Amino acid sequence: KAGVTQTPRYLIKTRGQQVTLSCSPISGHRSVSWYQQTPGQGLQFLFEYFSETQRNKGNFPGRFSGRQFSNSRSEMNVSTLELGDSALYLCASSLTIQETQYFGPGTRLLVL
Amino acid sequence: DQQVKQNSPSLSVQEGRISILNCDYTNSMFDYFLWYKKYPAEGPTFLISISSIKDKNEDGRFTVFLNKSAKHLSLHIVPSQPGDSAVYFCAASYGGSQGNLIFGKGTKLSVKP
């Protein structure tokens, strides 16, 4: 089975722009979560989706949003980018919300 | 307020010896704990987990111990191998959901040949 895939792998944006990141879960997985990894804060939870519904949201500003489609693929969007949004954004999927999560390789976002 | 803490940023161990990675938590509502391993430029890889109703779980060279009264868990790797060199993250969840993991900041393990 193919693992979690994330596109793009690398991205450079400038302050004020917006960005959309994509995640394709492992086939059959219906739960998708997003995390942000930075050197200072470590891995922090962003969102959790199951069957197109957002179940949980982390402590991030409203500029961060996401959605899940009927095929379980997910996207996250960050509007009005700030320098501090530079990070590795990780997507993880699992069969259900009670099952172990498996992570993708991440999207490295650099905001200039 | 960091709910999951890994107080050792790094650990160096000789090949063949035991590696012990530690993790402390503050939230008594956590009911599931996991360890992930991460290599540079890759996403975290699941290693082993333990439910709060157990105090030990073993999988090959990896064993996780949970001490609920001390709010402490540890990962033992025996014997350590150079390929184990990576950053290890402790994570916790509650409410039966593993979709919103709370991570520690990681411990970088170096296993020297």
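Computed from a prediction, not measured in an experiment: that's the story for all the values here.

Peer 1: Lay out the nonpolar core with the relevant residues and their values.
Peer 2: The biggest cluster of nonpolar side chains holds 23 residues, and the ones touching the most others in it are Phe 33, Trp 35, Leu 73, Leu 75 and Tyr 88 of chain B. Contributing elements (two or more residues each) for this core: strand 3 (19–25), strand 4 (32–38), strand 5 (45–51), strand 7 (62–67), strand 8 (72–77), strand 9 (86–93) and strand 11 (107–112) of chain B. If one sorts the elements of this core by residue count, strand 9 of chain B sits on top with four residues. With 21 residues, the next largest nonpolar core counts Val 32, Tyr 49, Leu 81 and Leu 109 of chain A among its residues.

Peer 1: With reference to specific residues and values, describe the side chain of Ser 74 of chain B.
Peer 2: Residues and elements named next belong to chain B. Locating Ser 74 in the fold gives a position in strand 8. Exposure remark for Ser 74: the relative accessible area of 7% places this residue in the buried category. Side-chain polar atoms of Ser 74 contact the side chain of His 76, separated by 3.4 Å. Residues contacting Ser 74, with those up to four places away along its chain left out, are Ile 20, Leu 21, Asn 22, Trp 35, Thr 63, Val 64 and Phe 65.

Peer 1: Go over unusual backbone geometry with me, naming the residues and quoting the values.
Peer 2: Residue Pro 8 of chain A is reached from Thr 7 of chain A by a cis peptide bond, and omega for that bond is -10°. Note on placement: Pro 8 of chain A falls in the loop between strand 1 (5–7) and strand 2 (10–13). The omega angle of the peptide bond from Val 78 of chain B to Pro 79 of chain B is -15°, so this bond is cis rather than trans. Relative to the helices and strands, Pro 79 of chain B is located in the loop between strand 8 and strand 9. Positive phi values are uncommon outside glycine, yet Ala 41 of chain B reaches one of about 65°. Relative to the helices and strands, Ala 41 of chain B resides in the loop between strand 4 and strand 5. We classify Ala 41 of chain B as exposed; its relative accessible area is 55%. Even without being glycine, Lys 71 of chain B reaches a positive phi, approximately 50°. Inspection of the secondary structure assignment puts Lys 71 of chain B in the loop between strand 7 and strand 8.

About the cut-offs
Residues numbered from 1 in each chain as written. Chains lettered and ligands numbered in written order. Predicted model: local features only at pLDDT ≥ 70, side-chain atom pairs only at ≥ 80, totals over all residues. Heavy atoms only, no water. Core = buried A, V, L, I, M, F, W, Y, C linked by side-chain atoms within 4.5 Å. Buried < 20%, exposed > 50% of the residue type's maximum accessible area, 1.4 Å probe, protein only. Helix = DSSP H or I, 4+ residues; strand = E, 2+ residues; numbered from the N terminus. Polar contact = N/O pair within 3.5 Å; in protein donor to acceptor, adjacent residues only side chain to side chain. Contact = heavy atoms within 4.5 Å.

These figures come from the coordinates and say nothing about function on their own.
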